[in-house]
Every structure is written in structure tokens, then in C-alpha cells.
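Survey of secondary and tertiary structure
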Number of protein chains: 2
Amino acid sequence: MGLGKRPRLGLIGFGGFGRLMAGALCPHMDILVCDPAYVGAVLDTGQALPMGTLEDAAQCDIVVLCIPVARVPHLCARLAPLLKPGTLVVDVGSVKVEPMRVMDELLPSHVDIVGTHPLFGPQSARDGIAGHKIAVCPLRGVRWRSVAGFLRRIGLDVIVTTPEAHDREAAMVQGLTHLIAKVLAGMGPLPERMTTASFEHLRAAIGMVQDDPPTVLHAIETANPYAADIRSAFFERAERLRVQFDGV
Amino acid sequence: MGLGKRPRLGLIGFGGFGRLMAGALCPHMDILVCDPAYVGAVLDTGQALPMGTLEDAAQCDIVVLCIPVARVPHLCARLAPLLKPGTLVVDVGSVKVEPMRVMDELLPSHVDIVGTHPLFGPQSARDGIAGHKIAVCPLRGVRWRSVAGFLRRIGLDVIVTTPEAHDREAAMVQGLTHLIAKVLAGMGPLPERMTTASFEHLRAAIGMVQDDPPTVLHAIETANPYAADIRSAFFERAERLRVQFDGV
């Protein structure tokens, strides 16, 4: 990240996305994984990463929160007294307004904070993260510039934005995708034979999000302040269409 | 189509799909276009095709009905007395059960009938029809075999099926795609910046069908006997999800 020596990165959370991120970052940084749910932190390549406690992770140059949005307040409360001055704290959640407000409130003033939202996941970035998008929201300090620069160097399309602008757009992008995926998921196996190109796109869209943990849908739909309006508009238009065809 | 000389094809209907088809078939057949809505039948390449009356079109070796599903009964009634023995009548509608029943009932016993449904359109086949799918439903005569063979030779993926099996699968494939496109179309401009790969797929799916004439959605949703059930399942699951998130 433009530092002289290889930075040490404390990765808190080794779920599907944490693993994807660790794989992408380990050529560039020394990663220490903290996740009590795992005994060993093994990448898809077979490479094992060192693990440590929350205290260990908090001592790294960069601390990345790779946990469900709903757990951000609890983790920040635990993390706050452990962080040393000058640490850069980064989150990767699908929602930005409220989690970043919480980080700002709970984390000590002597750390810098950058919010990010990688607009990809283990499914869509199966063949690598290059070319995918990531939103970067500056919050505290100027190091969001070197974060953005680093992310561009590893091939990502960086969108610098505010938490509000992010959540407004993400409410539609992710809210609608996950809503539709959820509706279709319960309709039984989708046809594979007599398909149109547009249906194949629809199936690909669903395939990319249907294995996301339920916490992702929950965060998108309940923690994004703009999601309820998008949802209402969707259901309202669906109902209008139902009446149009079925007349009742 | 395996005939000794170049067959003459009477194309009834020169809308978006008729034009696409004429472009794909004119290297192989002599096409005569019948469409009272057009003064000249000009392809996207600039090539002009000869035009004629319904009587002229009915005298061709092959007669293709390229009209909205709802107009099949009316056209068949007018066409029936004009067809000569041995003519092959082909339709291209998005729904097969009822239109093929009508063709069977109204067209004289001395003509052969094959139902087809090209699973592509002017948007999805913008770069050519090769590689796209087409459903072929044999109805009267054995010439569906040479139809299927010809369609394969021009690069299409031919699925031979029954009207019932077709409509059951298409109800989901087309019913869902058009329903979702219709719901989203009214939600204002879709985001283009902060997008995920799955949202891009969703947007591509919608883009391919949103310019279809309203008669297509109408045919898919009201003329396909299985569409109502798919629609109910979709709206029921949407409502269940609404209650889950909004609690009312």
C-alpha cells in the first residue's frame, strides 16, 4: 500500500468472502487470520495462513473487518481498546451508512477508517477479482487514497463514493438482485433446455447470489436505509401486474 | 430444405421478428413478404424483398406465419381457402398448444403443418442467429424432419418437442423473464455504476426483452395455459417475502 515494508494485515472473519480476500491479498501482505470458527485458515490453493487472537489481529498495520454487517457494533466495541494509534481499519460490508456511523462512534480517534464494499463475491469472482468493482468510502484520514491506489493496482475498478450514495445505489443493485433470486429460488428447478438468452442471464444472476449466506440478504434488506423503498416499489409493481393479468 | 430447387417462402408479417427471420433465410430461399402495414420490405442490410398479397404468399411452397399469437385464428380462417395442396405451413409463435390446435382445425387437410418457436429475438440475435435455440413441434406430415435439418444447417440448436412440453417449459422461461422485466421497467433508470456481476446479468436479461412488442408479453401471459400457475407462484412467493421483511 505504498508503505516501505510489507504491511501486516489482520483479517477478522474467514467466511467465504474472507477466504476470497485473503487469497487476493496474500501475495502483497502478511496476513494474520482471526476467526474462532476455524481451527486452520487454509486458502483454496492449499496455502495455510497464520492465525491469531483478536488481540493479535488488532496489532497489525491494517485491520479488516470481514464479518456480517449485524456484528459490526459488537466487534467494534471489543476491538476499540485493542487498537494501537495509526492503525488503518477497513470494513467490507454490503451496507455502508449505519456500519460506518458505528465504526466512527466506537473506534478510537487515533485510528484511520475506510469503508469498502467489494461488488463481487466467491461466485462472481471465481476466476479472479480483476475487472470487478469495489466501492471505497473515505471516513477518517487520508489513507483511503493509498487504499484506492492499491486496489486499482491489483486490477479492481475503484468507485470512490459516500456511504449515502453507495447505499442508495446498492439498495437497487443488490436489493433487487437478491429479492428476485429469493423469489425464484423457491420455484423449483429452473428449466435448462428450452431457454432464451435472457433467461440464461436471469439464471446466471441468480446463480451468483443464491449461495450467499442468509446474513447477506438480511443486511441488504434490513440494514440499508433505502432498501425498504425499493422493496415497496418492487412489490407494488408486481401486485399491479398481478391485477392486470388475473383481474383480482 | 432438401428440395431440388430453391424453395419459395411466403412470409406473412414483417415486424421485428419477421425482418430478423427474412434476413436469416433469404440466402437460402426466395422470400415473398406479405404485410399490409409496410410499403416496402427492406432488410437491415438494405436489401429489398418482393412483396405480395395474402393470395400471393399462400401460393408459395412454404408459408410462415410471423404474426402475434392472438391473430392466428383470424389469419388461418382467411388463409385456409387460399392454400394449395402440399404446402408447408409454419408458425413462429411464443405459445404452441392453442395456436397449433387452431391451425390444425382451420387449415385444410391437404397442407402440412409444423409449429416452431425461435427462442431468440431481434435483441438477443443482434449478432446473428447461429448458436441460438429453436423449438420444433411436429403436427402434420413428416416434413418437420427436413425443417429441423435445415434449421440445424443454418446453425440453430433444434429442440424437437410437443406443444404441451413446450408451453410448460416456456411458461417459466418466458413468463418469468418478461414478468420481472415488466416489474423492473417501471422502477426508473437502473443503476449503471455501482453494479455487481449478477445485476449486470439481470440488466442484460431485461434489455433483451424490454423492447418486445406488448403482444409478446400478452401472448406469453394469457395464451400459454401454464403461465397463470407460474405467475401465481411468483406473486405468492413475492408476497411471502414482503411479509417476512415488512411484517404486514
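Going by what an unreviewed UniProt entry lists, chain A is known as Prephenate dehydrogenase and is assigned to Shimia abyssi.

On to helix α1 (residues 16-25) of chain A, then. Looking at α1(A), one finds that the buried residues are Phe17(A), Gly18(A), Leu20(A), Met21(A), Ala22(A) and Leu25(A). The elements touched by buried residues of α1(A) are β1 (8-12), β2 (30-34), β4 (48-49), β5 (62-65), β7 (112-118) and α5 (144-153) of chain A.

With that settled, consider the side chain of Thr87(B). Residues and elements named next belong to chain B. Relative to the helices and strands, Thr87 resides in the loop between α3 (72-79) and β6 (88-91). Judged by its relative accessible area of 1%, Thr87 is buried. A polar contact is formed between the side chain of Thr87 and the backbone oxygen of Lys84, at a distance of 2.7 Å. Ignoring anything within four residues of it in the chain, the contact list for Thr87 reads Ala58, Cys60, Asp61, Val63, His110, Val111, Asp112 and Arg143.

Glancing now at the domain arrangement of chain A. Residues and elements named next belong to chain A. What the domain assignment reports for chain A is domain 1 (8-162) and domain 2 (165-246). Averaged C-alpha coordinates put domain 1 and domain 2 at centres separated by 27 Å. Of the roughly 1,100 Å² buried between domain 1 and domain 2, counting both surfaces, carbon and sulfur atoms make up 65%. Per-residue buried area on domain 1 facing domain 2 is highest for Ser94, Val95 and Gln123; these three make up 40% of the total on that side.

It is worth spelling out the nonpolar core at this point. Generally speaking, soluble globular proteins have nonpolar side chains that are buried together. The biggest cluster of nonpolar side chains holds 44 residues, and the ones touching the most others in it are Leu184(A), Phe234(A), Leu184(B) and Phe234(B). Looking at this core, the elements with two or more residues in it are α6 (163-185), α7 (197-209) and α9 (227-246) of chain A together with α6 (163-185), α7 (197-209) and α9 (227-246) of chain B. Excluding residues that lie within four positions of it along the chain, Leu184(B) makes contacts with Leu176(A), Ile180(A), Phe234(A), Leu202(B) and Ile206(B).

Looking now at the interface of chain B and chain A. In this complex, chain B contributes 55 residues to the contact, which on the side of chain A involves 55 residues. Both faces considered, chain B and chain A share a buried interface measuring about 5,200 Å² in area, 74% of it formed by carbon and sulfur atoms. Contact with chain A buries area across many residues of chain B, yet Met187(B), Met194(B) and Phe245(B) alone supply 15% of it, more than any other trio. At the junction of chain B with chain A, the criterion picks out 4 salt bridges. Put simply, Glu169(A) and Arg193(B) hold a salt bridge, and the shortest N to O gap is 3.5 Å. Remark: the boundary between chain B and chain A carries 14 residue pairs in polar contact (both at pLDDT 80 or more). In terms of residue count, the dominant contributor to the side of chain B that touches chain A is α6(B) (13 residues). Residue composition of the side of chain B that touches chain A, by class: 32 nonpolar, 12 polar and 11 charged.

What follows deals with the side chain of Glu169(B). As for its placement among the helices and strands, Glu169(B) is situated in helix α6. Here Glu169(B) is in contact with Pro191(A), Glu192(A), Arg193(A) and Met194(A), once residues within four sequence places are set aside.

We now examine the packing of α7(A) against α6(B). The geometry of α7(A) relative to α6(B) is characterised by a closest axis approach of 9 Å and an angle of 75° between their N-to-C directions. It follows from the interaxial angle that α7(A) and α6(B) lie roughly perpendicular. Between α7(A) and α6(B), the contacting residues are Ser198(A), Phe199(A) and Leu202(A) on the first element and Met172(B), Val173(B), Thr177(B) and Ile180(B) on the second.

This part takes up the packing of aromatic side chains. Note on aromatic pairs: each is described by the distance of the centres and the angle between the planes. All names here are of chain A. A full pass over the atoms with the stated rule returns 6 aromatic pairs over all chains. Measuring from ring centre to ring centre gives 5.9 Å for Phe17 and Phe120, while their planes differ by 45°; the resulting arrangement is tilted. Residue Phe17 is found in helix α1, and its partner Phe120 is found in the loop between β7 and β8 (133-140); the two are separated by 103 residues along the sequence. Assigned by exposure class, Phe17 and Phe120 land together as buried. For the ring pair Phe234 and Phe235, a centre distance of 5.6 Å and an interplane angle of 75° mean the geometry is edge-to-face.

What follows concerns the environment of Ile154(A). Residues and elements named next belong to chain A. With respect to the secondary-structure elements, Ile154 resides in the loop between α5 and β9 (157-160). Ile154 gets classed as buried once you look at its relative accessible area, which sits at 17%. Along the primary structure Ile154 and Leu25 are separated by 129 residues, whereas in three dimensions their C-alpha atoms are 8.8 Å apart. Not counting residues within four places of it along the chain, the set of residues in contact with Ile154 comprises Leu25, His28 and Ile129.

Of all the bends in α6(A), the greatest, near 35°, is centred on Ala170(A). Burial of α6(A) is extensive: 18 of the 23 residues sit out of reach of the surface.

All names here are of chain A. Along strand β6 (residues 88-91), one buried face is formed by Leu88 and Val90 and the opposite face, lined by Val89 and Asp91, is buried too. In this sheet, β6 lies alongside β5 in parallel orientation, the contact comprising 4 bridges. Paired with Ile62 across the two strands is Leu88, which belongs to β6. In terms of handedness, the path from β5 via helix α3 (residues 72-79) over to β6 forms a crossover that is right-handed. Strand direction decides the pairing type here: β6 and β7, joined by 4 bridges, are parallel. Paired with Val89 across the bridge in β7 is Ile113. The handedness of the β6 to β7 crossover, carried by helix α4 (residues 97-106), is right-handed.

What counts, and at which threshold
Residues numbered from 1 in each chain as written. Chains lettered and ligands numbered in written order. Predicted model: local features only at pLDDT ≥ 70, side-chain atom pairs only at ≥ 80, totals over all residues. Heavy atoms only, no water. Buried < 20%, exposed > 50% of the residue type's maximum accessible area, 1.4 Å probe, protein only. Helix = DSSP H or I, 4+ residues; strand = E, 2+ residues; numbered from the N terminus. Contact = heavy atoms within 4.5 Å. Polar contact = N/O pair within 3.5 Å; in protein donor to acceptor, adjacent residues only side chain to side chain. Domains from an automatic or database assignment. Buried area = accessible area lost by both parts, 1.4 Å probe. Core = buried A, V, L, I, M, F, W, Y, C linked by side-chain atoms within 4.5 Å. Salt bridge = Lys/Arg side-chain N within 4 Å of Asp/Glu carboxyl O. Nonpolar A, V, L, I, M, F, W, Y, C, P; charged D, E, K, R; others polar. Axes fitted to C-alpha atoms, helices over the stretch in contact; angles between N-to-C directions. Parallel < 35°, antiparallel > 145°, perpendicular 65-115°, else oblique. Phe/Tyr/Trp six-rings, centres within 6.5 Å; stacked < 30°, edge-to-face > 60°. Bend = angle between axes of the 7 residues up to and from the residue. Pairing = 2+ DSSP bridges. Right-handed = clockwise from strand over helix to strand, strands pointing away.

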